Amino acid sequence: MRRGVTHGKEGLHFGLVPAIHNLIFVRSTQEALSELKRGREELASLRYMTRPLSETPNKHEIIIVRDTEMENFIRVASVTDDRVMFLDSAVDEQVGKRVRITDGYFAGVEGVVRRIKKNKHVVVSIEGCASVAIAYVPKQSLMIVDS
């Protein structure tokens, strides 16, 4: 969630709005989710997010988020102030150096250094889904991580 504006019957309302629209993260097995979708009519319209297989472009695989990737994303995305900004789409992870933040509030979080609007940010991504950028991290608080 992030601070934002919603339009209601009585005008504009300021409050928390979903930072990532139409996306639900669920920790489960594919079999359990498929069974749940089959058994509950209101869940039948939910779809798995997929990406093309690199070796077979016409085939797709369900995106599975690693625990560490999700934990990093949750830690950063849970901040609701100006230190963090949500990016419109997933960011290409190949650009920039992979780093770990060594101290401060985000200590232990891993991401990629990217230039956004002429400033360097540490971007934490869930591959193929969403990205969030930490506005400022002192250079001395970054350690380059081998990929």
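Above: the structure in question.
Quick summary incoming for the structure in this document. (Residues numbered from 1 in each chain as written. Predicted model: local features only at pLDDT ≥ 70, side-chain atom pairs only at ≥ 80, totals over all residues. Heavy atoms only, no water.)

1. Details of the overall build of the chain
No. 1: If you tally the helices and strands in the chain, you get 2 helices and 10 strands.
No. 2: In the chain, the succession of α and β elements from N to C terminus is β-β-α-β-β-α-β-β-β-β-β-β.
No. 3: In terms of its C-alpha atoms, the chain occupies a principal-axis envelope of roughly 50 × 50 × 25 Å.
No. 4: Within the chain, buried positions represent 27% of all 147 residues.
No. 5: Sequence-distant contacts, at least 24 apart, represent 46% of the contacts inside the chain between residues at least 6 apart. (Helix = DSSP H or I, 4+ residues; strand = E, 2+ residues; numbered from the N terminus. Buried < 20%, exposed > 50% of the residue type's maximum accessible area, 1.4 Å probe, protein only. Contact = heavy atoms within 4.5 Å.)

2. Re unusual backbone geometry
No. 1: Phi at Lys-117 takes a positive value of approximately 50°, unusual for a residue other than glycine.
No. 2: Looking at the element boundaries, Lys-117 is found in the loop between β7 (110-116) and β8 (119-126).
No. 3: Non-glycine residue Lys-118 carries a positive phi angle of around 70°.
No. 4: Locating Lys-118 in the fold gives a position in the loop between β7 and β8.

3. Focus: the packing of aromatic side chains
No. 1: What the rule picks out here adds up to 1 aromatic pair.
No. 2: On the numbers, 5.1 Å between centres and 90° between planes, the contact of Tyr-105 with Phe-106 is edge-to-face.
No. 3: The residue whose ring lies beneath Lys-37 is Tyr-48, and the NZ or CZ to ring-centre distance is 5.0 Å.
No. 4: Sitting above the plane of the Tyr-105 ring, Arg-83 keeps its charged end 4.9 Å from the centroid. (Phe/Tyr/Trp six-rings, centres within 6.5 Å; stacked < 30°, edge-to-face > 60°. Lys NZ or Arg CZ within 6 Å of the ring centre and 35° of its normal.)

4. Focus on the side chain of Ser-125
No. 1: Its location among the elements puts Ser-125 in strand β8.
No. 2: Ser-125 sits in the buried class, given a relative accessible area of 7%.

5. A short note on the pairing of strand β9 (residues 130-134)
Two faces belong to every sheet, and in a regular strand the side chains alternate between them.
No. 1: With 5 of 5 residues buried, β9 is to be regarded as a mostly interior element.
No. 2: Side chains Ala-130, Val-132 and Ile-134 of β9 all project onto a buried face; the interleaved residues Ser-131 and Ala-133 project onto the opposite face, where all are buried too.
No. 3: Relative to β9, strand β5 (residues 84-86) runs antiparallel, the two sharing 3 bridges. Paired with Phe-86 across the bridge in β9 is Val-132.
No. 4: Hairpin connection between β8 and β9: a loop of 3 residues separates the two successive antiparallel strands, and Gly-128 in this loop has a positive phi of roughly 80°. (Pairing = 2+ DSSP bridges.)

6. Looking at the environment of Arg-51
No. 1: Along the chain, Arg-51 turns up in strand β3 (residues 50-52).
No. 2: For Arg-51, a relative accessible area of 23% gives the class partly exposed.
No. 3: Measuring from C-alpha to C-alpha, the distance between Arg-51 and Cys-129 comes to 9.9 Å, with 78 residues separating the pair along the chain.
No. 4: In contact with Arg-51, other than residues within four places in its own chain, are Lys-59, His-60, Glu-61, Ile-63 and Glu-127.

7. Things to note about the pattern of salt bridges
No. 1: Inspection of the entire model under this criterion finds 6 salt bridges.
No. 2: One salt bridge in this structure joins Arg-27 and Asp-67, with 3.0 Å as the shortest N-O distance. In this pair, Arg-27 is assigned in the loop between β2 (11-17) and α1 (30-39) and Asp-67 in helix α2 (residues 67-77), connecting sequence segments 40 residues apart.
No. 3: Across the salt bridge formed by Glu-110 and Arg-100, the nearest N and O atoms sit 2.7 Å from each other. You can see Glu-110 sitting in strand β7 and its partner Arg-100 sitting in strand β6 (residues 98-101), a full 10 residues away along the chain.
No. 4: The network of salt bridges with common partners includes Arg-98, Arg-100 and Glu-110. (Salt bridge = Lys/Arg side-chain N within 4 Å of Asp/Glu carboxyl O.)

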